[in-house]
Amino acid sequence: MLKRRFHSGELGSVPVALGLLVVWIIFAGLNENFLSPRNLSNLSVDIVGIGMISTGVVFVLLLGEIDLSVGSVSGLAAAGFAVLNVIHGVPEGLALLLAVVAGTVIGAVQGFFFAKVGVPAFVVTLAGLLGWNGLMLYILGSSGTINLDDKGLVAMLTNYYFTNVAAAYGLAALGTAGYFLASYQDVRRRKAAGVPARPLREIVLRTGVLAVICLAAAAVLNEFHGLPLALLIFLVFLVGLDQVLRRTPYGRMVFALGGSVEASRRTGLNVDLVRISVFMVSGTMAAIGGLFLASRVTSATQTSGSGNLLMDAIAAAVIGGTSMFGGRGRTWSALLGVLVIQSIASGVALMGIQTAAQFMITGGVLLVAVVIDSLSRRAQKAHGRV
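Now for a description of the structure that goes with this document.

What counts and what doesn't
Residues numbered from 1 in each chain as written. Predicted model: local features only at pLDDT ≥ 70, side-chain atom pairs only at ≥ 80, totals over all residues. Heavy atoms only, no water. Helix = DSSP H or I, 4+ residues; strand = E, 2+ residues; numbered from the N terminus. Rg over C-alpha atoms; globule rule 2.2 N^0.38 Å. Buried < 20%, exposed > 50% of the residue type's maximum accessible area, 1.4 Å probe, protein only. Contact = heavy atoms within 4.5 Å. Areas by Shrake-Rupley, 256 points an atom, 1.4 Å probe, with all protein chains shown as cover. Lys, Arg positive; Asp, Glu negative; His and termini not counted. Charge placed at Lys NZ, Arg CZ, Asp CG, Glu CD. Arc of directions from axis to C-beta. Axes fitted to C-alpha atoms, helices over the stretch in contact; angles between N-to-C directions. Parallel < 35°, antiparallel > 145°, perpendicular 65-115°, else oblique. Nonpolar A, V, L, I, M, F, W, Y, C, P; charged D, E, K, R; others polar. Phe/Tyr/Trp six-rings, centres within 6.5 Å; stacked < 30°, edge-to-face > 60°. Patch = residues over 30% accessible without salt bridge, like charges linked within 9 Å, V, L, I, M, F, W, Y side chains within 5 Å. Salt bridge = Lys/Arg side-chain N within 4 Å of Asp/Glu carboxyl O. 1 Å grid on protein atoms, 1.4 Å probe; cavity = no way out; pocket = protein on both sides within 12 Å on 5 of 7 lines; lining within 4 Å. Points joined across faces, edges and corners; volume = space filled by probe spheres on them. Left-handed = near helix turned anticlockwise from the far one by under 90°.

1. Points about the overall build of the protein chain
Check the secondary structure of the protein chain and you find 16 helices and 4 strands. Its C-alpha atoms give the protein chain a radius of gyration of 21 Å, within 12% of the compact-globule value 21 Å for 386 residues. Burial statistics for the protein chain: of 386 residues in total, 45% are counted as buried. Within the protein chain, contacts between residues separated by at least 24 positions form 79% of all contacts whose residues are at least 6 apart in sequence. Surface exposure of the protein chain reaches about 18300 Å², of which carbon and sulfur atoms provide 67%. Considering the protein chain, the positive charge centre built from 26 side chains and the negative charge centre built from 16 side chains are found 14 Å apart.

This is the structure:
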């Protein structure tokens with residue numbers, strides 16, 4: 001089956017899953033603490049901020065476009081929340097909501113210039129990268145750093161754990177059962193429509209593998225503090241947005257537009273509206289991710305949203321299996337990709353190796369992912385699927 005999928009360009013998440021396994025085996029062999037419950041639990045929280053941002057990037061990449069402003073938008077959202085809550089005394093819930101809405105509005109503005117005015121997405125979002133970063137520095141003021149309440153709502157996002165062992169095991173069981181039911185219903189629908197469907201034994205096998213992974217993850221998390229709230233929220237977003245992409249008319253429009261703009265236009269699809277909405281999703285998820293990153297350090301600083309955050313968010317989506325050519329990818333790409341990137345960062349930190357090695361390793365993994373994507377696209381063209 002793998003041979004057939006390789007030649008037809010339908011490898012899906014297999015390469016990144018194998019790559020993640022290789023990364024874990026290597027670092028586990030080099031440092032026994034890499035697979036410790038503490039490190040893996042910390043890893044499960046560390047991936048959330050970047051993972052949220054990367055999930056929004058997936059939507060943009062599905063159109064074959066790029067959003068270079070997500071790092072700056074995330075930093076601006078964190079700074080906006082801190083100024084509203086700490087400086088002006090706005091309640092945390094309202095400040096958080098306004099920060100997220102600000103990301104949505106920013107995405108709408110950038111999407112408007114791209115879809116309606118015709119400015120390339122690269123240029124629009126590059127301008128956003130600079131402009132929103134400048135606005136963040138302006139609202140932070142001369143101090144440059146605003147500390148958040150370490151017992152507040154935002155701080156709780158990454159500091160709260162469900163210590164009852166039933167929480168992690170219950171989530172594992174629920175996720176496995178949900179996957180099986182969704183897959184089984186999909187098979188029934190496809191058979192009813194007279195189109196090819198996965199055999200039941202393959203679904204059972206996949207469900208079994210997923211059950212082992214989920215239960216093992218639950219056991220490891222329970223060995224430390226339990227199920228992190230941040231991880232739970234991240235998984236809820238991934239499942240929800242995956243359903244939006246795969247089960248709704250809107251999701252089908254996004255994939256159709258990523259496949260062919262002209263064909264979509266001829267079928268009556270509102271191309272401009274879909275384009276704007278995709279950038280709104282990206283801006284919203286960037287703002288949410290920025291709040292999680294601020295929660296991790298309980299502060300908003302002049303460096304929020306900077307550094308290698310932008311490259312990590314885009315690389316995570318691509319490494320996870322989202323095509324840079326548009327039309328192929330899933331929200332789960334963000335999870336797999338960010339796991340690879342943060343696993344490398346964690347392993348390098350445990351080994352005490354210079355950050356330069358982390359960049360080189362991540363760059364090599366990204367190159368391999370893009371090469372696989374290109375070869376996959378070429379194979380699909382040869383089989384008449386592109």
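So much for the structure itself; the text now carries on.
2. Considering helix α11 (residues 249-259)
Of the residues making up α11, those classed as buried are Gly-251, Val-254, Leu-257 and Gly-258. The buried residues of α11 occupy one face: seen down the axis, they fall within an arc of 125°. Relative to its buried face, α11 has exposed residues pointing more than 90 degrees away, namely Pro-249 and Gly-259. The secondary structure elements touched by the buried residues of α11 are α3 (37-61), α10 (229-247), α12 (261-266) and α13 (271-297).

3. As for the packing of α10 against α13
Put simply, α10 and α13 touch, their axes get as near as 12 Å, and they point 170° apart. If you check the angle between α10 and α13, you find them roughly antiparallel. Contacts from Ala-230, Ile-233, Phe-237 and Leu-241 in α10 reach Met-285, Ile-288 and Phe-292 in α13. Grouping the amino acids of the contact of α10 with α13 by side-chain chemistry returns 7 nonpolar, no polar and no charged.

4. Describing the packing of aromatic side chains
For the structure shown, the criterion picks out 6 aromatic pairs. Ring geometry for Trp-24 and Phe-34: centres 6.2 Å apart, planes at 80°, overall edge-to-face. Residue Trp-24 is found in helix α2 (residues 14-30), and its partner Phe-34 is found in the loop between α2 and α3; the two are separated by 10 residues along the sequence. Owing to a relative accessible area of 0%, Phe-34 belongs among the buried residues under this scheme. Measuring from ring centre to ring centre gives 5.9 Å for Phe-112 and Phe-113, while their planes differ by 80°; the resulting arrangement is edge-to-face. With a relative accessible area of 40%, Phe-112 lands in the partly exposed category.

5. Observations concerning the environment of Met-324
The topology assignment puts Met-324 in the loop between α14 (309-319) and α15 (332-351). The exposure class assigned to Met-324 is partly exposed, which follows from its relative accessible area of 38%. Sequence spacing of Met-324 and Asp-242 is 82 residues, and the spatial spacing of their C-alpha atoms is 18 Å.

6. A closer look at a nonpolar patch on the surface
A contiguous nonpolar patch, built from Leu-94, Leu-97, Leu-98, Val-101, Val-105, Val-109, Phe-112, Phe-113 and Val-117 and spanning about 750 Å² of accessible area, is present on the exposed surface. Inspection of the secondary structure puts Val-101 in helix α5 (residues 92-117).

7. What about the pattern of salt bridges?
For the structure on display, the rule yields 8 salt bridges. For Arg-330, the salt bridge goes to Asp-242, with nearest N and O atoms at 3.1 Å. Taken together, the residues Arg-330 in the loop between α14 and α15 and Asp-242 in helix α10 connect sequence positions 88 residues apart. Accessibility expressed as a relative area gives 36% for Arg-330, which makes it partly exposed. It is possible to trace a salt-bridge network through shared partners that takes in Arg-198, Glu-202 and Arg-206.

8. Topic: the layout of surface pockets
Empty space among the atoms becomes apparent when a probe as large as a water molecule is rolled across them. Approximately 630 Å³ is the volume attributed to the second largest pocket. As for the second largest pocket, its lining consists of 29 residues, of which Ile-50, Leu-293, Asn-308, Leu-309 and Gln-342 are closest to the centre. Broken down by element, the residue count for the lining of the second largest pocket peaks at 6 residues, all from α13. Split by residue class, the lining of the second largest pocket holds 12 nonpolar, 14 polar and 3 charged.

9. Section: the environment of Val-239
Within the fold, Val-239 resides in helix α10. For Val-239, a relative accessible area of 39% translates into the label partly exposed. Separated by 175 residues in the primary sequence, Val-239 and Gly-64 have C-alpha atoms spaced 22 Å apart.

10. A short note on the packing of α5 against helix α6 (residues 121-140)
At a minimum axis distance of 9 Å, the contact between α5 and α6 shows a crossing angle of 145°. Of the two possible hands of crossing, α5 and α6 adopt the one that is right-handed. Facing α5, whose interface residues are Ile-106, Gln-110, Phe-113 and Phe-114, α6 presents Ala-121, Val-124, Thr-125, Gly-128 and Trp-132. A breakdown of the residues in the contact of α5 with α6 according to their chemical character gives 6 nonpolar, 3 polar and no charged.

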